[in-house]
Amino acid sequence: MINVCLNCGEYREDKRVDIEKLLAYCPLCNHPHPFQFLPLFIVCGPSGAGKTTLTNALIGKMDEVVVMDGDVLYGAVAEQINFWNVWLRMAKNINQSGRPLLLLSSGAIPPNLEPCPEYRYFSAVHYLALVEQDSVLTERLKARPAWRQSGNEVFIQEHLRFNHWLKEQASLPNPKIETLDTTVIDEETAVQHLKQWIRTKLELALNASTPQ
C-alpha cells in the first residue's frame, strides 16, 4: 500500500524514506506517505529445528505480533522476483496495522534480507535462530515423511552446515542472530522463551522512543 503514491497513483519501490518524520516520498511528485516504523521479528533455523511446531503453538497466543510461516509464499512468488523482498513488503504492510510481524522461515537471515529495498521500513529486524545438536537434527530429518524429501544425505548435510553457520553467527562479538537450542527443551519452554524474547525487544523499543 505504501508503494502506491496517493497523489499521482504511480507504484514506486524506490521512495525516499525519512525515518525522523516517518514519511516515504514519491520520487515522481514528492508526495509524502506516512507509515508506521515498527520492528520485524524473525525466527529462522535449519529444517527440522522446530519452526513449524513453534508457529502452530504460537498462533492465537500472542496479541503483540502477527505470526506467519514463511512457507505460505513458496510457489506463489515467481523465481525471478526477489522472494525475500516480497516477504518484507508483506511485513511492511502488516506492520501498518500497528502490530509487527513474526516471520518463521529458514532462509530469513541477514544476507538475504538486508540488501532488499523494503528493508528500510523497519525500526529493527530481530533474528532468533533455532539450532540443535547434529545427531538430533539428523534423526528428525530422517524421520520425516518421504514426500518432504529431507532424509537424503545431501539435504541433511546442507542443513547441518546451516546449523553450524547460525551458531557461528551467534558467537560473533556483535551478533545479529541470537540462538535457541531446541535439543533439550520441550515445546512449552521454547514458546515461553520466544514470547519473552519478543516482549523484551518491544519493551526496549518503547523505552527508546519515549522522551525522557
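Preceding this paragraph is the structure being described.
Residue indices follow the written sequence of each chain, beginning from 1 at its first position. Where local features are concerned, this predicted model is filtered to residues with pLDDT of at least 70; where side-chain atom pairs are given and counted, the filter is 80 or more; whole-chain, interface and lining totals use all residues. As a convention, hydrogens and water are excluded, and side-chain values are obtained from all of the structure's heavy atoms.

K.L.:
It is not clear to me how the nonpolar core should be interpreted in this structure. Could you clarify?
P.N.:
When a protein is soluble and globular, its nonpolar side chains tend to lie buried together. Counting residues in hydrophobic clusters, the biggest one holds 27 residues, and the most contacted among them are Leu-40, Ile-42, Trp-84, Leu-101 and Leu-166. Strands are runs of DSSP state E lasting at least two residues, helices are runs of H or I lasting at least four, and both sets are numbered from the N terminus onward. Secondary structure elements with two or more residues in this core: strand E4 (40-44), helix H2 (83-95), strand E6 (101-104), strand E7 (125-131) and helix H5 (153-170). Element by element, the count of residues in this core is highest for H2, at seven residues. Contact criterion: two residues are considered in contact whenever any of their non-hydrogen atoms come within 4.5 Å of each other. For Trp-84, the contacting residues outside a window of four places in its chain are Tyr-74, Leu-103, Ser-105, Gly-107, Ala-108, Asn-112, Leu-113 and Cys-116. The definition of a nonpolar core used throughout is a set of buried Ala, Val, Leu, Ile, Met, Phe, Trp, Tyr and Cys residues joined through side-chain atoms within 4.5 Å. Here's how the labels work: a residue is buried when its accessible area is under 20% of the maximum for its type, exposed when over 50%, partly exposed in between, all with a 1.4 Å probe on protein chains only. Val-67, Leu-104, Leu-130 and Trp-197 belong to the second-largest nonpolar core, a separate cluster that totals 19 residues.

K.L.:
In this structure, what is going on with the environment of Lys-92? I would like to understand it.
P.N.:
Along the chain, the position of Lys-92 falls in helix H2. C-alpha of Lys-92 to C-alpha of Met-1: the two residues are 91 residues apart in sequence and 9.1 Å apart in space. Once you skip the residues sitting within four places of it in the chain, Lys-92 turns out to touch Ile-2, Asn-3, Glu-118, Tyr-121 and Phe-122. Counting of polar contacts relies on pairs of N or O atoms within 3.5 Å, with two restrictions inside protein: one atom must be capable of donating a hydrogen and the other of accepting it, and residues adjacent in sequence are counted only when both atoms are side-chain atoms. Reaching out from Lys-92, the side chain makes a polar contact with the side chain of Glu-118 at a distance of 2.7 Å.

K.L.:
Sorry, what's going on with the environment of Val-72 here?
P.N.:
Position of Val-72 relative to the elements: it lies in the loop between strand E5 (66-69) and H2. For the pair Val-72 and Leu-113, spaced 41 residues apart in sequence, the C-alpha separation works out to 17 Å.

K.L.:
Teacher, can you tell me more about the side chain of Gln-96 here?
P.N.:
With respect to the secondary-structure elements, Gln-96 resides in the loop between H2 and E6. From its side chain, Gln-96 meets the backbone oxygen of Lys-92 in a polar contact 2.8 Å long. Setting aside residues up to four positions removed in sequence, Gln-96 forms contacts with Met-1, Ile-2, Phe-35 and Gln-36.

K.L.:
Sorry, what's going on with the pattern of salt bridges here?
P.N.:
A side chain of one charge can pair with a side chain of the opposite charge if their charged atoms are brought near each other. Whenever a carboxyl oxygen of Asp or Glu lies within 4 Å of a side-chain nitrogen of Lys or Arg, that contact is scored as a salt bridge. Scanning all chains against the criterion turns up eight salt bridges. Linking Asp-14 and Arg-12 is a salt bridge whose minimum nitrogen-to-oxygen distance equals 2.8 Å. In this structure, Glu-64 engages Arg-199 in a salt bridge whose closest nitrogen and oxygen atoms are separated by 2.7 Å. Residue Glu-64 is found in the loop between helix H1 (51-58) and E5, and its partner Arg-199 is found in helix H6 (residues 187-209); the two are separated by 135 residues along the sequence. Taking the relative accessible area as the measure of exposure, Glu-64 reaches 27% and is therefore partly exposed. If you follow the salt bridges from partner to partner, you end up with Glu-13, Arg-89, Lys-92 and Glu-118 in one network.

K.L.:
Hey, could you run me through the packing of helix H4 (residues 134-142) against H5 in this one?
P.N.:
How two helices sit against one another is set out by the angle between their axes and by the gap between those axes. Note on method: axes are straight lines fitted to C-alpha atoms, helices fitted across the in-contact stretch only, with angles between N-to-C directions ranging 0 to 180 degrees. Between H4 and H5, the least distance of the axes is 10 Å, while the angle of their chain directions is 145°. Between H4 and H5 lies a crossing whose hand is right-handed. Facing Asp-134, Leu-137, Thr-138, Leu-141 and Lys-142 of H4, the residues of H5 in contact are Phe-155, Ile-156, His-159, Leu-160, Asn-163 and His-164. Charged means Asp, Glu, Lys or Arg here, nonpolar means Ala, Val, Leu, Ile, Met, Phe, Trp, Tyr, Cys or Pro, and polar covers whatever is left, Gly included. Looking at the contact of H4 with H5, its residues break down into five nonpolar, four polar and two charged. What makes a crossing left-handed is the near helix being turned counterclockwise from the far one by less than a right angle; a clockwise turn instead makes it right-handed.

K.L.:
Is there a simple way to think about H5 in this case?
P.N.:
The α-helix winds at 3.6 residues per turn, so residues separated by three or four positions along the chain end up facing the same way. Taking 1.5 Å as the rise per residue, H5 with 18 residues should run 26 Å; its terminal C-alpha atoms sit 26 Å apart, in good agreement. For H5, every residue scored as buried is listed here: Ile-156, His-159, Leu-160, Phe-162, Asn-163 and Leu-166. In an axial view of H5, the angular spread of the buried residues amounts to 160°, which keeps them on one side of the axis. Away from its buried face, by an angle of more than 90 degrees, H5 presents the exposed residues Val-154 and Arg-161. Those residues of H5 that are buried are in contact with E4, E7, H4 and strand E8 (177-181). The N-cap of H5, judged by a side-chain oxygen 3.2 Å from the amide nitrogen of Val-154 a few residues on, is Asn-152. Given a helix with a known number of residues, its expected span is that number minus one, times 1.5 Å. It is the directions from the helix axis to the C-beta atoms that the arc portrays.

K.L.:
Would you mind showing me how to read the side chain of Asp-18 here?
P.N.:
Among the secondary structure elements, Asp-18 is positioned in strand E1 (residues 16-18). Asp and Glu are treated as the negative residues and Lys and Arg as the positive ones, with His and the ends of the chain left uncounted. Within the buried core, Asp-18 has no salt-bridge partner, and the shortest N-O distance to an opposite charge, that of Lys-21, equals 4.6 Å. Within polar-contact distance, the side chain of Asp-18 engages the backbone nitrogen of Glu-20 at 3.1 Å. Apart from the residues within four sequence positions on either side, Asp-18 is in contact with Leu-23 and Tyr-25.

So far we have only geometry, and geometry alone does not tell us how the molecule works.
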